[in-house]
Amino acid sequence: MNRRFSLITLLIILSLLAGGLAACAQATPVATEAPAAAEPAVKDLILATTTSTQDSGLLDVLVPMFQDQTGYVVKMVAVGTGEALKMGEEGNADVLLVHAPSSEKELMDKGFGAERLLVMHNDFIIVGPADDPAAIKGTATAAEALKKISDAQAAFISRGDDSGTHKAELKLWDKAGVAPQGEWYQESGQGMGATLTIASEKKAYTLTDRATYLANKDTLQLEIMVEGEAALLNVYHVITVNPEKWPKVNAEGATAFAQFLVAPETQAVIAEFGKDKFGQPLFFPDAGKTDADLGLK
Amino acid sequence: MNLIWEGIQRAFLLLFSGDPEVWEITLLSLKVSGLATAISLVLGLPFGTWLALGRLPGQRFMLSLVNTGMALPPVVVGLWVSIFLWRSGPLGDLRLIYTPAAIVVAQTIIAAPVVTGLTVAALQQLDPRLQWQLLGLGASRWQMTWALWREARLPLLAALMAGFGSVISEVGASMMVGGNIRHQTRVLTTAVVLETGKGEFARAIALGLLLLLLAYLVNLALTWIQQRGAKK
């Protein structure tokens, strides 16, 4: 009996080992079909992006398209914009798709980015519970609305994670002339989807990008309070990490991905994305435009 | 309430519709955590035995370290493994970050102290005279160790189960070193986080149920072996 016992144990261990080794050999994706184009020299491409692009599902459409067209294997890591920019600065990512223009400019000024292209935008909105305790519905500007929220000490959930949305929110508080603190101002430290759920549960206001709000709308008890102001634009840029600073980055792949995002074909896909599900597009393609065209300074 | 009911209904639909992505994620979880547990066993069993039987100074101190390691938070392991495996890190040239291999490394670091610590506990609760008796009967050191392992097989299997349980359920390390990349490093726990963030609660519930089912099946198999061993 004892011999059989150890034999079985051994078999289990061996099969676990074999299975695991097979898993490691499959570091390349299982689902992508044979690439159409010639194989690139370095296939792995690390894309650091924001949770909002992942949670909306846009990159689940774009990344497979890019992989089929070029043969690159994209490792998409969805983190806050702060971490994504840091990954670019440390050479831990090849290409970034982010939405914090002022921090992006800093990165470019320090020379860590090689190229920065405008890809698309959507907009931020302030959402809150239907009974609107701070009476901000229809307020003309976001800054004014935030001032009212702080005056009323109405609950507000901040991302608090140094993401693009968080940076945009802090800028708006600054504009409102309020230093948000107190029991009514709470930081979730989580992604947009999770933060919306928290705001809904706590009957609180929050700043969100429109795409994530629409994608989660059915499960939330939150309504749009303030929208449609230039200060609320949420602009996405693609940045390739400078190979002169970090020779190990896959510069060719990064450039290929950046060019793919601004190609007319891809831009058309971005313009259509979300229309079938939400009745309105989630993102607006902006390739070739400048910040001034969008009404930013 | 509606959400729970709808979620569970849709969860079962997803489970039995054979959604290829759901199965891909499940299989990867099983492979990665299974391999990490197996490596932990290969490392932890000999090391734990040495700690339990040896009479060298400093072993008690080492044991206290191992026991502390049993409480290692997965996110802390994830952070350190990331720092080492990132391109800017000392092991960056291995290009392991955001691969299943990186998750195996992190999970091994989580599970190895658990297996080691429980191995020590399993062997130390044996009657110490057993060792001397075996040696006295002319057993070689290797034969004695083998006999002790066999004697302690029930708690040793429990150590294996605890090791597997600690890694199949962790999310922090897998998220950080694996990156939750679709078709590459997405495992059940990270997929649950993602689907919850997307507001796809039904999918999140389905994946959560699968995770439980998987843990149950593995432990059922191990318990079955364990109890067969117990009867005779």
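Residues numbered from 1 in each chain as written. Chains lettered and ligands numbered in written order. Predicted model: local features only at pLDDT ≥ 70, side-chain atom pairs only at ≥ 80, totals over all residues.

1. Concerning the overall build of chain A
Part 1 of the reasoning: Looking only at helices and strands, chain A has 12 helices and 10 strands in total.
Part 2 of the reasoning: For chain A, buried positions account for 47% of its 297 residues.
Part 3 of the reasoning: Within chain A, counting contacts between residues at least 6 apart in sequence, those at least 24 apart form 77% of the total. (Helix = DSSP H or I, 4+ residues; strand = E, 2+ residues; numbered from the N terminus. Buried ≥ 20, exposed ≤ 12 C-beta atoms within 10 Å, placed from the backbone. Contact = placed C-beta atoms within 7 Å.)

2. Description of the overall build of chain B
Part 1 of the reasoning: The helix and strand inventory of chain B stands at 11 helices and zero strands.
Part 2 of the reasoning: Reading the secondary structure of chain B in the N-to-C direction produces α-α-α-α-α-α-α-α-α-α-α.
Part 3 of the reasoning: A principal-axis box enclosing the C-alpha atoms of chain B has dimensions of 65 × 50 × 25 Å.
Part 4 of the reasoning: Expressed as a percentage of the 232 residues in chain B, the buried residues total 47%.
Part 5 of the reasoning: Counting only contacts in chain B whose residues sit at least 6 apart along the sequence, the fraction spanning at least 24 positions is 76%.

3. Comments concerning unusual backbone geometry
Residues and elements named next belong to chain A.
Part 1 of the reasoning: In the Ramachandran plot, Ala135 falls in the positive-phi region, its phi being about 50 degrees despite a non-glycine side chain.
Part 2 of the reasoning: Assignment of secondary structure puts Ala135 in the loop between β4 (113–128) and α6 (142–152).
Part 3 of the reasoning: Look at Gln153: it is not a glycine, yet its phi comes out positive at around 55 degrees.
Part 4 of the reasoning: As for its placement among the helices and strands, Gln153 is situated in the loop between α6 and β5 (156–158).

4. Quick look at helix α4 (residues 81–89) of chain A
Part 1 of the reasoning: Considered for burial, the residues of α4 of chain A that qualify are Thr81, Ala84, Leu85, Met87, Gly88 and Glu89 of chain A.
Part 2 of the reasoning: A positive backbone phi angle near 75 degrees is found at Gly91 of chain A, which sits one or two residues after α4 of chain A.

5. Describing the environment of Ala134 of chain A
All names here are of chain A.
Part 1 of the reasoning: Relative to the assigned elements, Ala134 resides in the loop between β4 and α6.
Part 2 of the reasoning: Measuring from C-alpha to C-alpha, the distance between Ala134 and Lys148 comes to 6.1 Å, with 14 residues separating the pair along the chain.
Part 3 of the reasoning: Filtering out sequence-adjacent residues up to four positions away, Ala134 remains in contact with Lys148, Ile149, Ala152 and Ala154.

6. Here's the deal with the confidence of the model for chain B
Part 1 of the reasoning: Here chain B shows a mean pLDDT of 90. Residues at 70 or above account for 99%.
Part 2 of the reasoning: Predicted complex, confidence summary: ipTM 0.71, pTM 0.78. (pLDDT = per-residue confidence, 0-100.)

7. Observations concerning the packing of helix α4 (residues 74–85) of chain B against helix α5 (residues 100–124) of chain B
For any two helices packed against each other, the geometry is given by the interaxial angle and the distance between the axes.
Residue and element names in this part refer to chain B.
Part 1 of the reasoning: Orientation of α4 relative to α5, taken along the N-to-C sense of each, is 135 degrees, at an axis distance of 10 Å. Put simply, α4 runs oblique to α5. Along this stretch, α4 crosses α5, giving a crossing that reads as right-handed. Each of Pro74, Val77, Gly78, Val81 and Leu85 in α4 lies in contact with α5, whose residues at this interface are Ala102, Val105, Ala106, Ile109 and Ile110.
Part 2 of the reasoning: Per-class residue counts for the contact of α4 with α5 are nine nonpolar, one polar and no charged. (Axes fitted to C-alpha atoms, helices over the stretch in contact; angles between N-to-C directions. Parallel < 35°, antiparallel > 145°, perpendicular 65-115°, else oblique. Left-handed = near helix turned anticlockwise from the far one by under 90°. Nonpolar A, V, L, I, M, F, W, Y, C, P; charged D, E, K, R; others polar.)

8. Examining the domain arrangement of chain A
Residues and elements named next belong to chain A.
Part 1 of the reasoning: In terms of domain boundaries, chain A breaks down into domain 1 (44–121 + 234–289) and domain 2 (123–232).
Part 2 of the reasoning: On a C-alpha basis, the centroid separation for the pair domain 1 and domain 2 is 25 Å.
Part 3 of the reasoning: Contacts between the two partners involve 17 residues from domain 1, matched on the other side by 18 residues from domain 2.
Part 4 of the reasoning: For the side of domain 1 that touches domain 2, the secondary structure elements donating two or more residues are α2 (51–56) and α4. (Domains from an automatic or database assignment.)

9. What to know about α5 of chain B
Part 1 of the reasoning: Under the 1.5 Å per step criterion, the end-to-end length of α5 of chain B is 35 Å for 25 residues, consistent within 8% with the ideal 36 Å.
Part 2 of the reasoning: Most of α5 of chain B is tucked away, with 23 of its 25 residues classed as buried. (Expected span 1.5 Å × (residues − 1).)

10. Comments concerning the pairing of strand β1 (residues 44–50) of chain A
Residues and elements named next belong to chain A.
Part 1 of the reasoning: Across the seven residues that make up β1, a large majority, six, are buried.
Part 2 of the reasoning: Where β1 and strand β2 (residues 73–79) come together, seven bridges link them in parallel fashion. Looking at the pairing, Leu45 lines up with Val74 of β2. (Pairing = 2+ DSSP bridges.)

11. Side note on the confidence of the model for chain A
Part 1 of the reasoning: When pLDDT is averaged across chain A, the result is 85; 87% of the residues are at 70 or more.
Part 2 of the reasoning: In this model, residues 18–36 of chain A is a region of pLDDT below 50 whose contacts with residues beyond four sequence positions or in other chains number 40 contacts.

12. Thoughts on the packing of helix α2 (residues 20–53) of chain B against helix α8 (residues 153–168) of chain B
All names here are of chain B.
Part 1 of the reasoning: Their axes nearest at 9 Å, the elements α2 and α8 cross at an angle of 140 degrees. The orientation of α2 with respect to α8, classified from their angle, is oblique. Like other packed secondary-structure pairs, α2 and α8 cross with a definite hand, here right-handed. Of the residues in α8, those in contact with Ser29, Ser33, Ala36, Thr37, Ser40 and Leu41 of α2 are Leu160, Gly163, Phe164, Val167 and Ile168.
Part 2 of the reasoning: In terms of residue class, the contact of α2 with α8 is made up of six nonpolar, five polar and no charged.

13. Structural notes on the environment of Val171 of chain B
Residues and elements named next belong to chain B.
Part 1 of the reasoning: Locating Val171 in the fold gives a position in the loop between α8 and α9 (172–178).
Part 2 of the reasoning: Residue Val171 is classed as partly exposed on the basis of its C-beta count, with 18 C-beta atoms lying within 10 Å.
Part 3 of the reasoning: Residues Val171 and Ile83 lie 88 residues apart in sequence; the distance between their C-alpha atoms is 17 Å.
Part 4 of the reasoning: Dropping the residues within four chain positions of it, Val171 is found in contact with Thr189, Thr190 and Val193.

14. Focus on the nonpolar core
Part 1 of the reasoning: Membership of the largest hydrophobic core comes to 144 residues, with the highest contact counts inside it found for Leu47, Val95, Leu96, Ile126 and Tyr205 of chain A together with Ala102 and Ala106 of chain B.
Part 2 of the reasoning: It is α5 of chain B that provides the largest number of residues to this core, a total of 16 residues.
Part 3 of the reasoning: Here this core spans two domains, and each of domain 1 (44–121 + 234–289) and domain 2 (123–232) of chain A adds at least three residues to it. (Core = buried A, V, L, I, M, F, W, Y, C linked by C-beta atoms within 7 Å.)

15. Things to note about the environment of Glu90 of chain A
Part 1 of the reasoning: Here Glu90 of chain A is to be found in the loop between α4 and β3 (95–98).
Part 2 of the reasoning: Expressed as a C-alpha distance, the spacing of Glu90 of chain A and Val241 of chain A, which sit 151 residues apart in the sequence, is 9.4 Å.
Part 3 of the reasoning: Once you skip the residues sitting within four places of it in the chain, Glu90 of chain A turns out to touch Trp86 and Ser88 of chain B.

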